[in-house]
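Letter by letter, the chains look like this.
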Amino acid sequence: LSAIVSLVFFLVMLLAGKPLVSLLFPADYLGAVPVLLHFSLFFIFMMLNGYQLAYIKAHGHFTQSLLIRAVGIVALVAAYYLVARFTTNVVAIIVALGLGYLVMFVLSTLAEQRILRALPPELAAIPQHRDFHRALADLRPDLVVVATYSDSHAEYAIAAMRAGAHVFVEKPLATTVEDARRVVQTARETGRKLVVGYILRHHPSWQRLIAEARALG
């Protein structure tokens, strides 16, 4: 999705930037068309790299993610001072941003490949997907575990149940009461089992603690 959004932005600015700016803004703003085109290039790498760094951090490589950002910032600053020798307008800033994110994009791509090659042999053959909905369509799982960021729990749980899977979702079930109700309603409509990860309440030591607490009043 990030690639599609950023590429559409670039193509719009490349093919229709001038008429679009003329339609929306006074004629004085036509000089901004080249700047917007340069920004759209930077935007592509920014969107893609944001996803890559999230993937790297999700695999526990926090320090590597920080180092990639640091190298990107150094490249950005160096590119700005280099480009500024030839131009003093805002294009220098946009080009520097684009080059900085391009460096981070390349480094992140290499890091991703290392992560994939580093998987244990017993996991290397398991199919990997970067898109949750595509994974549902390709794999048709019987059970889905949703252990992502909280703001995606409701969407992923609903999509999984509508795809025919039972769902175990980490707490919280959703970030709003309305979304939580939608998840429960979907479970009822599809007849799928929905379990929220409040596993502590089923642990013997916790059950004993509750029993003792109730006895104490």
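For the structure itself, look to the data block above.
**Student:** Got a minute to help me understand the overall build of the chain in this structure?
**Tutor:** Helices and strands together make up the secondary structure of the chain, namely nine helices and three strands. For the chain, the sequential pattern of α-helices and β-strands runs α-α-α-α-α-α-β-α-β-α-β-α. Taking 17 Å as the expected radius of gyration for a compact globule of 217 residues, we find that the chain reaches 24 Å, considerably beyond that expectation. When the backbone C-alpha atoms are referred to their principal axes, the chain occupies close to 80 × 45 × 40 Å. Sorting the 217 residues of the chain into buried and exposed places 26% on the buried side. Taking the intrachain contacts of the chain between residues at least 6 apart in sequence as the baseline, contacts between residues at least 24 apart amount to 59%.

**Student:** Looking at this structure, how should I read unusual backbone geometry?
**Tutor:** Peptide bonds are, in most cases, trans, and in most cases residues other than glycine have a negative phi. In the segment running from Lys 171 into Pro 172, the intervening peptide bond is cis, with an omega of 0 degrees. Structurally, Pro 172 is set in the loop between strand 2 (166-169) and helix 8 (177-190). Positive phi is not limited to glycine here, since Arg 140 has a value of about 50 degrees. Tracing the backbone shows Arg 140 in the loop between helix 6 (132-139) and strand 1 (143-146). Look at Arg 140 and you get exposed, because its relative accessible area is 53%.

The rules behind each value
Residues numbered from 1 in each chain as written. Predicted model: local features only at pLDDT ≥ 70, side-chain atom pairs only at ≥ 80, totals over all residues. Heavy atoms only, no water. Helix = DSSP H or I, 4+ residues; strand = E, 2+ residues; numbered from the N terminus. Rg over C-alpha atoms; globule rule 2.2 N^0.38 Å. Buried < 20%, exposed > 50% of the residue type's maximum accessible area, 1.4 Å probe, protein only. Contact = heavy atoms within 4.5 Å.

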